[in-house]
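Secondary and tertiary structure notes
Below, each chain spelled out in residue letters.
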Amino acid sequence: SDASCQWNVWVPRDISAMTNSCVVIPCTFMYPSGIRPYRGIHGIWYFGQPYPQLFPPVVFKTRTDVVHESYKGRTKLLGDLHQRNCTLLINNIGTEHSGRYYFRADLGGANMYTFPDFAELKVLDQPNIDVPEEIVSDENLELTCYAPDNCPDMTPEIQWMYTDYLPNPEFSSDYLEESNTAVLSSTMTFTPRPMHNGQLLGCRVYYPNTTLVYERLISLDVKYAPRSVWVNVSSEVMEGSSVMLHCEVDSNPPPRISWMFGDQELISETASNVSLSLDDVTPAREGIYTCIGDNGYGIMNTSLYLAVKYPPREPAVNESLTVQEGTSLALHCSTQGSPAPTLTWLKDGELVGTITADELSVLEIIEITPQGDGQYRCLAENEHGRASSSLNITVEYAPVLLEESKCTVVREGVQCVCMATGNPEPTIEFYLPDLNVTINETDGRYNFYTHTDGHTSTGMIKLREKGERVDSGPAVNVHCSIYNMYGRESVHLELQQEKKYMMAVIVGTIGGVAVIAFIIAAVRYVGHNNKKENGNPRQDVVLENPALYYSAVKKDKHNLRKKVLKTELLGSKFNSILEETTGEDGDYPPVGSMAGLERQELNYAALEFIGARPREGASGRGDDGSNYTEIKAK
């Protein structure tokens, strides 16, 4: 009705439809008021291009039924062109029908005009789901499914799928109509959790009383901060070995994983898991290792403790000490080891103190005595090895006189021994009634001798005279003085061995008499046996074998000599034992010496005629009245 109107058309810019359904493209056009249609008003719908000279596919044409093959039997003009309504219906559309649609008005003659405005059709094989660019855990989420409703013969319905695992989802529907196009929507609202990441959701669009069903599935991409950081359990490794520490972080998107040792960053990567390799582990690597995961939505970390096991190190102990008797000490022993070692104090190989299960042990010695002198060793042990360190404690103390100090009677006279222990080694001096004896002094009356063995000093003096008799024993007046830098002591040495000496003399005398008696008895026994074997010596016999007689005499003499010699040796040995016991020479002469026995044998030996027989006329009597027998050789 507006006389000033020009060529113009209105169509929806975008319109959509589901495959195998239909679509109605609303269309209204205008032309200048001064134009009078000639032979009616005709119209043409083109696909893709508005210009006829480019021969675009004809969708619909009012003058003829000549259309593009893909549109044959599918298109219909619903509007009345005389009413300036050019609405088009397309049935049984497919995805190949998606594109731009142009309308051309033909009013006859030269009054034809192709409108540049177009309606773009989108043919869908599945519904649209409106998904936000970012889905964040624990934040409210709305998902909307759209289905076009531009087919007058069919009305769609929407249904959500796979919602059973969602936490309390809520649903709402809406119908949007704009510019003569309609869209049905269904909105689902819920709060996603990290567990919903990657889960499937679906929207189904279907047309009742038809077989047309359309579905679309989506996977939820739920962003969430690291919710768990998994690492190795705390572990133990041996010194020098290798270990691999693993870290896995559950987050979306994948985090930036960093391994930290204290404040030191060891490795950092963007990934869902990162491993840290440690080679040739030393005790310095023992400690807390932390894995940190950060993905922009949050940060989380987990730590583990890496224990490095190793045998005890060489213990650190005090320096060797020199202390005075009575001093109190505290010996320290410290070491390192894993597990913590046990510390044991040993003195000269023997256990002292208590066993400590720690890296520090203190051995307290209260008022140390000379017996505390020696080597102290601290032994550190654990299941992987042992180590030890030692120190020496030297105890200095005033000299102490030993009970071995005494005077005794020896062969040369009287011997006095003075023994003392002390540190430093004590000096020993002997004192006689009128003279102070030191180590460098000598005198004709005595010999002086000293010897040092460790902390023990020995001094000895021999008096060549046994002393004057006073009452029951020799008079001995010897004093021993011992001293070092810590003290001095002087003592009078008693003659402790006098009674033992007298007893030895008595025992020796009795023993000598017994030996003499034994020898006499032996001689008489031998003589008695000889007489018994030879019979009566006065009987006259004839010697048949002179050589046999001589042999018998010599043999008996030799046996007697051996018996006497044994007796002499026994007496000599007894004298030696007596001398060693009493300290004096043996004053006992050999009993029954060989010379005396030989003289007795020559004076009193009798001639024995073994195996002889008397002969008549050959016997007689001597001057002394003894019988004799004539001996003749055959």
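To be clear, the structure that these remarks concern was listed above.
Below, the structure is looked at part by part. From a predicted model like this one, the values you see are computed outputs, not experimental measurements.

**Focus on the state of the cysteines**
- One pass over the structure, following the stated rule, counts 7 disulfides.
- Shown here is the disulfide that connects C145 with C203, its sulfur atoms set 1.7 Å apart. A torsion of -80° about the S-S bond marks the disulfide between C145 and C203 as left-handed. Separated by 58 residues along the polypeptide, C145 in strand β14 (residues 141–148) and C203 in strand β18 (residues 200–206) bring together distant segments of the chain.
- Judged by relative accessible area, which is 0%, C203 ranks as buried.
- Here C407 connects covalently by a disulfide to C416, the sulfurs 2.0 Å from one another. What sets the handedness of the C407 and C416 disulfide is the S-S torsion sign, and at about 110° it is right-handed. This pair shows no difference in class: C407 is buried, exactly as C416 is.

**Overview of the packing of aromatic side chains**
- Counting across every chain of the model gives 15 aromatic pairs.
- When the centroid spacing of 5.2 Å and the interplanar angle of 20° are considered together, the rings of W7 and Y113 count as stacked. Pair noted here: W7 is in the segment before β1 (8–10) and Y113 is in strand β10 (residues 112–114), with a separation of 106 residues, a long-range link.
- When its relative accessible area of 30% is taken as the criterion, Y113 is described as partly exposed.
- Ring geometry for Y113 versus F115: centroids 5.1 Å apart, planes at 75°, classification edge-to-face.
- Here F115 falls in the buried class, since its relative accessible area comes to 1%.
- Each residue in the set W7, F29, Y31, W45, F103, Y113 and F115 is aromatic and connected to the rest through ring pairs, giving one cluster.
- Residue placement shows R488 over the ring face of Y483; its charged tip is 4.0 Å from the ring centre.

**Focus: the sheet that holds strand β7 (residues 75–77)**
- The 3 strands are arranged β3-β8-β7 in an open sheet whose pairing can be described as antiparallel. Either end of the sheet is taken by a strand with one partner, and the two such strands are β3 (23–25) and β7. Strand after strand, the sheet turns through a mean of 20° between neighbouring axes, direction not considered.
- Of the strand pairs in this sheet, β7 and strand β8 (residues 88–90) are connected by 3 bridges, and their pairing is antiparallel. Following the sheet pairing, T75 is matched in β8 by I90.

**Side note on the nonpolar core**
- Among the nonpolar cores identified, the biggest contains 30 residues, and F29, W45, C86, Y101 and F103 are the most heavily contacted of them.
- Of all the secondary structure elements, the ones that give two or more residues to this core are β2 (14–18), β3, β5 (42–47), β6 (58–61), β8, β9 (99–106) and β11 (119–124).
- Here Y101 is in contact with I25, W45, Y46, F47, V59, Y71, I90, D117, F118, A119 and L121, once residues within four sequence places are set aside.
- The next biggest cluster of nonpolar side chains, apart from the first, holds 28 residues, and it includes M18, L143, C145 and F190.

**Structural notes on the sheet that holds strand β13 (residues 135–136)**
- What the 4 strands build is an open sheet, ordered β13-β20-β22-β25; its pairing is mixed. Of all strands in the sheet, those with a lone pairing partner are β13 and β25 (273–278), marking the two edges.
- As paired strands, β13 and strand β20 (residues 222–231) are joined by 2 bridges and run parallel to one another. Pairing of V136 across the sheet is with K223, part of β20.

**Examining the side chain of D149**
- Summarising the element assignment, D149 is placed in the loop between β14 and β15 (157–161).
- The side chain of D149 is buried and forms no salt bridge, while K76, the nearest opposite charge, is found at 18 Å.
- A distance of 2.9 Å separates a polar atom in the side chain of D149 from a polar atom in the side chain of Y175.
- Look past the residues within four positions of D149 in its chain and what remains in contact with it is M154, T155, P156, Y175, A182 and V183.

**Notes on the pairing of strand β23 (residues 256–261)**
- For β23, a buried count of 5 out of 6 residues is recorded, marking the element as mostly surrounded by other parts of the structure.
- Bridging between β23 and strand β24 (residues 264–270) involves 6 bridges; their strand directions are antiparallel. Residue F261 lies in a different strand from β24, and its bridge partner there is Q264.

**Overview of the environment of G372**
- As for its placement among the helices and strands, G372 is situated in the loop between β33 (360–365) and β34 (374–382).
- When the C-alpha atoms of G372 and I393 are compared, they prove to be 7.6 Å apart, with 21 residues separating the residues in sequence.
- Discounting chain neighbours no more than four positions away, the residues touching G372 are K347, I393 and V395.

**Quick word on the pattern of salt bridges**
- Following the criterion strictly, the structure yields 11 salt bridges and no others.
- The closest approach of N and O atoms between E96 and R74, which form a salt bridge, is 3.9 Å. A residue pair is termed long-range when its members are at least 10 positions apart, and E96 in the loop between β8 and β9 and R74 in the loop between β6 and β7 qualify at 22 residues.
- The residue E239 makes a salt bridge to R313 at a minimum N-O spacing of 2.8 Å. Here E239 is found in the loop between β21 (235–238) and β22 (243–252), whereas its partner R313 is found in the loop between β27 (299–309) and β28 (316–317), with 74 residues between them in sequence.

**Concerning the environment of P339**
- Relative to the helices and strands, P339 resides in the loop between β30 (329–334) and β31 (342–347).
- A relative accessible area of 26% means that P339 is categorised as partly exposed.
- Between the alpha carbons of P339 and E383 there is a distance of 7.8 Å; along the sequence they are 44 residues apart.

**Structural notes on unusual backbone geometry**
- Cis peptide bonds are those with omega within 30 degrees of zero, and the linkage from N252 to P253 qualifies with 5°.
- Checked against the element boundaries, P253 lands in the loop between β22 and β23.
- Note that the residue after N423, namely P424, is joined by a cis bond; omega there is 0°.
- The residue P424 is located in the loop between β37 (413–423) and β38 (427–432) in this model.
- Not every positive phi belongs to a glycine, and N20 is a case in point at roughly 70°.
- Along the chain, the position of N20 falls in the loop between β2 and β3.
- We classify N20 as partly exposed; its relative accessible area is 47%.
- The phi dihedral of Y162 is positive, around 60°, even though this residue is not glycine.
- For Y162, the position within the fold is in the loop between β15 and β16 (170–178).

Thresholds, definitions, all that
One numbering rule holds for all chains: residues counted from 1, following each sequence as written. Note on the predicted model: pLDDT of at least 70 is required for a residue's local features to be given, and 80 or more for side-chain atom pairs to be given and counted; whole-chain, interface and lining totals, by contrast, use all residues. Side-chain metrics in this entry use all non-hydrogen atoms of the structure; hydrogen atoms and water are not considered. Whenever a pair of cysteine sulfur atoms sits within 2.5 Å, that pair is classed as a disulfide. The way it works is that DSSP assigns letters per residue, a run of H or I at least four long becomes a helix, a run of E at least two long becomes a strand, and they are numbered from the N terminus. Exposed residues in this analysis have more than 50% of their type's maximum accessible area, buried residues have under 20%, and partly exposed residues fall in between, with area computed by a 1.4 Å probe over protein chains only. Only Phe, Tyr and Trp rings are paired, with Trp represented by its six-membered ring, and only when their centres lie within 6.5 Å; those with planes under 30 degrees apart are stacked, over 60 edge-to-face, the remainder tilted. Should the NZ of a Lys or the CZ of an Arg lie within 6 Å of a ring centre and within 35 degrees of the ring normal, that charge is described as sitting over the ring. Here, strands pair whenever DSSP counts at least two bridges between them. To obtain each axis, a line is fitted to C-alpha atoms, and for helices this fit is confined to the stretch in contact; angles are then taken between N-to-C directions over 0 to 180 degrees. We call a set of buried residues a nonpolar core when its members are Ala, Val, Leu, Ile, Met, Phe, Trp, Tyr or Cys and they connect through side-chain atoms within 4.5 Å of each other. In this analysis, two residues are considered to be in contact whenever any of their non-hydrogen atoms come within 4.5 Å of each other. When charges are counted, Lys and Arg are positive and Asp and Glu negative, with His and the chain ends excluded. When a carboxyl oxygen of Asp or Glu lies within 4 Å of a side-chain nitrogen of Lys or Arg, that pair is called a salt bridge. Here a polar contact means two N or O atoms within 3.5 Å. Within protein one must be a hydrogen donor candidate and the other an acceptor candidate, and residues neighboring in sequence count only if both atoms are side-chain atoms.

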